Every structure is written in structure tokens, then in C-alpha cells.
Amino acid sequence: MSSPAIERILRGPTGLGTSGLQLSPRPAVPQAAVPEATVPEVTVPEVTVPDVAGIEPPVSEVSAAEAPAVSEAVVPDVQAPAAPPALSLPALSAPGSSVPALLGVAPAAAARTGGKPRTGDPIPGLYHHPIAEPDPARVEALSLKIKAWAIDEIELYPPEWEKDFDGFSTGRYMVACHPDAPSVDHLMLAARLMVAENAVDDCYCEDLGGSPVGLGSRLLLAHTALDPLHTTHEYHPAWEASLAEDAPRRAYHSAMQYFTAAATPSQSDRFRHDMARLHLGYLAEAAWSETDHVPEVWEYLAMRQFNNFRPCPTITDTVGGYELPVELHALPAMQRVIALAGNATTIVNDLYSYTKELSSPGLHLNLPTVISEREGVSRKEGYLKAVEVHNELMHAFEAEAAALAVACPVPSLVRFLRGVAVWLDGNHYWHQTNTHRYTLPDFW
């Protein structure tokens, strides 16, 4: 059966950011580096994703009170560039195609050797893909809108936290990670969720009032702002009121309202499951903190597969204004690729935040520290081995993502894989250049 939606899917993706799917010749990757992916035949369903440009948050199905007035930021009009040509599928299986070409990303940076890195330099020897500076007009527009949401709409933080909020550079972060977003409103979907997740981490787990004691209860109640409680009429009002009791819950609730208004039901459900994974990882780390347990390296990596950035790149299709159908998202090969991506990009955070975490009281768990403690090596050796672990995970992600793109060249799947790869590059760029938050150790 044919329909305009199916024909559009088969023609391939269009719009801002899809030019990277035009595959130009690059140096070949050794054949052994790209494992074969066995992918079952799938039927791509007809999918309609609503346009979120100018979207208003829905009236909450759980809120009886009238929403407060929101102060609108003055945001410059930022137009997306003209759409590039669509993906040419036959090029995916061209002999000798390199992994960067298949994923539509820039070639990896040459590993820097010797000499101490300067402020804002990448970690020497870290496998990564440099990116161009994010569009400054979009960065400014997004920065204004996300700050207006945080201050005026949900009262996320007190005035004394403003410097740290600005230093987080949410606008630059999200523009770097989602270059194919059709509009600033699409970028706001990711920006609100990122800010909300960071508020939960800081206020519940980390240095702005966080504690491992009682974390499970706080996280469970916060999770109901993402995954609503369905209860009796008698007890519903008390839960409803709890959504505004603290800043993290207000942030989760508001961000999720915007997201579900723009996403399909399956995309919203995917995000809820990813956030449950994240919260499970928080709880494991908190349990270790309460008992002063230093996990084995493999145990730490297992925790980091849950306490990681996965919820952020897996919404790349919603932010891009399309959908990866649930049948394709659920493929075992896709799930492995997503897990590898989340694991690699989270170790980037461990490496760039290492110096910052050393200054915090107690033993702060990160991969370099756990390697050093468990394998009896120096801090420098632990750090450099963590770089190697990251690089191996990145190579595995890229090889298996490329193999999946060749084995199952459905346009939405290929675009999603590219979106995840680009998110990883943008995440690295933000960590590397955010000198307000991060400095590198003196190990070179």
C-alpha cells in the first residue's frame, strides 16, 4: 500500500542538517573494524510528527490551577538554511566507504602528541570529531528563551545561581548537538529537558543540596512528573500539588509537557524509559556512596551505562522533527549502538570533569579514579587508560552504527544514527570548550 507519508520516507530525509548524509569518499576504514550487523526485515509504519514551531504547552491533564503568566524573551528571528538534497541510499553500500562518511560526520581529529594542552584544547589522544562553531544567532536565541523559561516560567533557581546557569551555556550546547533542528522551538524541547535533568542531578545528587540519603524517594516522586501517577480521585490532588513542591519537579513537569505536545506517543514513552534507566544509575552510585564502596571497573561501567547521557541523543529525532519508528528503535543492533554511544559520551564527561571532581570532598567516583583505585596504578595512568576505554567504545559505536546503516538503509534509521553521532560530537565540543566548568589535569 502506498501513501504520501510512505513515499516521503522512502525518498529520504530533507531539511536542515541532512547534508551530512551525502556521502563523499573518505579514507577507507579497515574491513575488520566494521562488524556485520544482522537486522531483521521491518515494515516502516506511516508516521505523522506534528510541527512544533510556535507550540504552546498543553493544559496539564493533572493541573487544576491556571498556569502562571510567562514573561516572553525577545528572541531574534532565526531562519533555517535551505534544505540540502536528500540521502542517496545506494551510496551507503559503496565499497570502501569510511565510517565517518557513513555517519555523515567529519573525519576524526589527529591525536595530539606531546606538550601540555592549552585552555580549551581537547584531551590529548582522545578520539573525537571536531565540529564547526555553532550558529551564533541560534545560540543567542536559544539562550534567551531557555533562561526566560527557567526564571520566569518555573522559578528554577535563586539569583545567586545565575552565574552557574549562564556558565553552563545551554544554548551553545544544544545548538552544537542538534544542528538539524528545524527551529529554535525544536531546540527548546531538548534544552528544557537538559536543564531539568541537570537540576535534578545538582539538587538531589550533587553539590547544590544533594545527598544519597533518601535519594530513592526523591527520584521516584520526581519521576512521576515525567510518568504521571494514575490514582483515585481522593489522592490525586495531593500528588498534583507535589509537582510544584521543588524546583527539580517543576522543571521535569514543565519540560515534559512541552515534549509530549511535540513528540509522538512512542517517542514520549521511549524518553520515559530512558529516564528510568538514568534514575536507576543515580541510585546505584548513591548506594556505593553511602557504604564508601569503590566498585570494580566493570561494575562502574555497568552503572555508567544507566547513569549516562542516553536520554539526550535518543530524542534527536523529535528535535529534528521526524520519528525513528518504534520497530527500528527496538532492533537489538540499534539498542547496542545507542548503548555504546551513551557509554562513550558519558566517559567524555568523566574525563573533562575529572579535575573539578578532585576538588570536591571525599572520593568522587569517575572512571579514571576507579581504574586507579582498583588496578593499583597512579592517577595519571588511570586517567590515560580511561582515555583508551573511551576510544575503544567510540570505535565500536561508529563501526556498528555504520554496519547497521548498510544492513538496514531505511532513511529515518540512517538519519537517526547520524543524529546520535553528531550529538556525541557536539557533546564533546561543549565539554572541551566550557572552560567555566572544566580544566584538564596536568598529565602531559
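Since the structure is predicted, the reported quantities are computational estimates derived from the model, not experimental observations.

Draft legend 1. Summary view of the overall build of the chain. Counting secondary structure elements, the chain contains 18 helices and zero strands. Taken across its 444 residues, the chain has 51% of its residues classed as buried. In the chain, the share of contacts with a sequence separation of at least 24, taken over all contacts with a separation of at least 6, comes to 81%.

Draft legend 2. Layout of the confidence of the model for the chain. Put simply, the chain has an average pLDDT of 82, and 75% of its residues get 70 or more. Within the model, pLDDT remains below 50 along residues 1–50, and this stretch shows 103 contacts once partners closer than five positions in the same chain are excluded.

Draft legend 3. Structural view of the packing of helix α6 (residues 184–205) against helix α9 (residues 247–262). Following both chains from N to C, one finds α6 and α9 inclined at 155 degrees, their axes separated by 9 Å at the closest point. In terms of axis orientation, α6 runs roughly antiparallel to α9. At the point where α6 passes α9, the crossing takes the left-handed sense. Residues Leu 189, Arg 192, Leu 193, Ala 196, Glu 197, Ala 199, Val 200, Cys 203 and Tyr 204 of α6 lie in contact with α9, whose contacting residues are Pro 248, Arg 249, Ala 251, Tyr 252, Ala 255, Met 256, Tyr 258, Phe 259 and Ala 262.

Draft legend 4. Examining empty space enclosed by the protein more closely. This model, assessed by the stated rule, comprises two cavities of 30 Å³ or more. Lining the largest cavity, in full, are Tyr 127, His 128, Ala 344, Thr 345, Val 348, His 390, Met 394, Leu 424, Asp 425 and His 428. Looking at the lining of the largest cavity, the elements with two or more residues in it are α14 (332–352), α17 (379–407) and α18 (411–433). Looking at the lining of the largest cavity residue by residue, the classes come out as five nonpolar, four polar and one charged. Considering only enclosed or pocket space, the second largest cavity measures out at about 50 Å³ in volume. Around the second largest cavity, the lining residues are Met 174, His 178, Ala 190, Leu 193, Met 194, Glu 197, Phe 271, Pro 311, Cys 312, Ile 315 and Trp 423. A breakdown of the residues in the lining of the second largest cavity according to their chemical character gives nine nonpolar, one polar and one charged.

Draft legend 5. View of the packing of aromatic side chains. By the definition in use, this model includes 13 aromatic pairs. Ring geometry for Tyr 173 versus Trp 430: centroids 4.1 Å apart, planes at 5 degrees, classification stacked. With a gap of 257 residues between them, Tyr 173 in helix α5 (residues 170–177) and Trp 430 in helix α18 connect regions that are remote in the sequence. We classify Tyr 173 as buried; its relative accessible area is 1%. The structure contains a cluster of three or more aromatic residues connected by ring pairs, namely Phe 168, Tyr 173, Phe 309, Trp 423, Trp 430 and Tyr 438. In this structure, Arg 192 packs its charged tip against the face of Tyr 258, placed 3.4 Å from the ring centre.

Draft legend 6. Expanded view of helix α3 (residues 136–153). Between the first and last C-alpha of α3 there are 25 Å, a value that for 18 residues agrees with the 26 Å anticipated at 1.5 Å per step. If you follow the buried residues of α3, they end up packed against α4 (162–168), α5, α6 and α9. The backbone nitrogen of Ala 137 has a side-chain oxygen 3.1 Å away, supplied by the residue at the start of α3, namely Asp 135.

Draft legend 7. Summary view of helix α10 (residues 265–291). Compared with an ideal rise of 1.5 Å per residue, which puts 27 residues at 39 Å, α10 spans 40 Å between its outermost C-alpha atoms and is within 8% of the ideal. Positive phi appears at Asp 292, one or two residues downstream of α10, with a value of about 55 degrees.

Draft legend 8. Structural view of the pattern of salt bridges. Throughout the structure, instances matching the rule amount to 14 salt bridges. Close ionic contact of Arg 310 with Asp 274 constitutes a salt bridge, the shortest N to O distance being 2.8 Å. Separated by 36 residues along the polypeptide, Arg 310 in the loop between α11 (297–306) and α12 (316–320) and Asp 274 in helix α10 bring together distant segments of the chain. Each member of the pair, Arg 310 together with Asp 274, is buried. Taken together, the salt bridges that share partners define one network made up of Lys 147, Glu 162 and Asp 166.

Draft legend 9. Local environment of the packing of α9 against α10. At a minimum axis separation of 10 Å, α9 and α10 run at an interaxial angle of 150 degrees. By the criterion of interaxial angle, the relationship of α9 to α10 is roughly antiparallel. Note on packing geometry: the crossing formed by α9 with α10 is right-handed. On α10, the residues touching Tyr 252, Met 256, Phe 259 and Thr 260 of α9 are Gln 267, Ser 268, Phe 271, Arg 272, Met 275 and His 279. For the contact of α9 with α10, the class distribution of residues is five nonpolar, four polar and one charged.

Calculation notes
- Position labels on residues start from 1 in each chain and follow its written sequence.
- Only residues with pLDDT of at least 70 get local features here, since the model is predicted, and only at 80 or more are side-chain atom pairs given and counted; chain-wide, interface and lining totals rely on the full set of residues.
- Calculated side-chain values reflect all of the structure's heavy atoms, with hydrogen atoms and water omitted.
- Secondary structure counts use DSSP, requiring at least four H or I residues in a row for a helix and at least two E residues in a row for a strand, with both numbered from the N terminus.
- Only protein chains enter the accessibility calculation, which uses a 1.4 Å probe; a residue whose area is less than 20% of its type maximum is buried, one above 50% is exposed, and one in between is partly exposed.
- In this description, contact between two residues means that some pair of their heavy atoms is separated by no more than 4.5 Å.
- Summary of the metric used: pLDDT quantifies the predictor's per-residue confidence within the range 0 to 100.
- To obtain an axis, a line is fitted to C-alpha atoms, over the contacting stretch when the element is a helix, and the angle between two such axes runs from 0 to 180 degrees between their N-to-C directions.
- Just so you know how the angles are binned, under 35 degrees is roughly parallel, over 145 roughly antiparallel, 65 to 115 roughly perpendicular, and the rest oblique.
- For a crossing to be left-handed, the near helix must be turned anticlockwise from the far one by less than a right angle; the clockwise case is right-handed.
- Cavities and pockets are found on a 1 Å grid laid over the protein atoms alone: a cavity is a set of points where a 1.4 Å probe fits but cannot escape, a pocket is an open set with protein on both sides within 12 Å along at least five of seven lines, and a lining residue has an atom within 4 Å of such a point.
- Grid points are joined across faces, edges and corners, and a volume is the space filled by probe spheres set on the points.
- For this scheme, ten residues count as nonpolar: Ala, Val, Leu, Ile, Met, Phe, Trp, Tyr, Cys and Pro. Four count as charged, namely Asp, Glu, Lys and Arg, and the remainder, Gly too, count as polar.
- Pairing of aromatic rings covers Phe, Tyr and Trp, the last through its six-membered ring, and needs centres within 6.5 Å; plane angles under 30 degrees mean stacked, over 60 mean edge-to-face, and all others mean tilted.
- By definition, being over a ring means that NZ of Lys or CZ of Arg is both within 6 Å of the ring centre and within 35 degrees of the ring normal.
- To estimate how far a helix should reach, multiply one less than its number of residues by 1.5 Å.
- Here a polar contact is recorded for every N or O atom pair within 3.5 Å, except that within protein the pair must consist of a potential hydrogen donor and a potential acceptor, and residues adjacent in sequence are included only if both atoms are side-chain atoms.
- The rule for a salt bridge is simple: a side-chain nitrogen of Lys or Arg has to be within 4 Å of a carboxyl oxygen of Asp or Glu.

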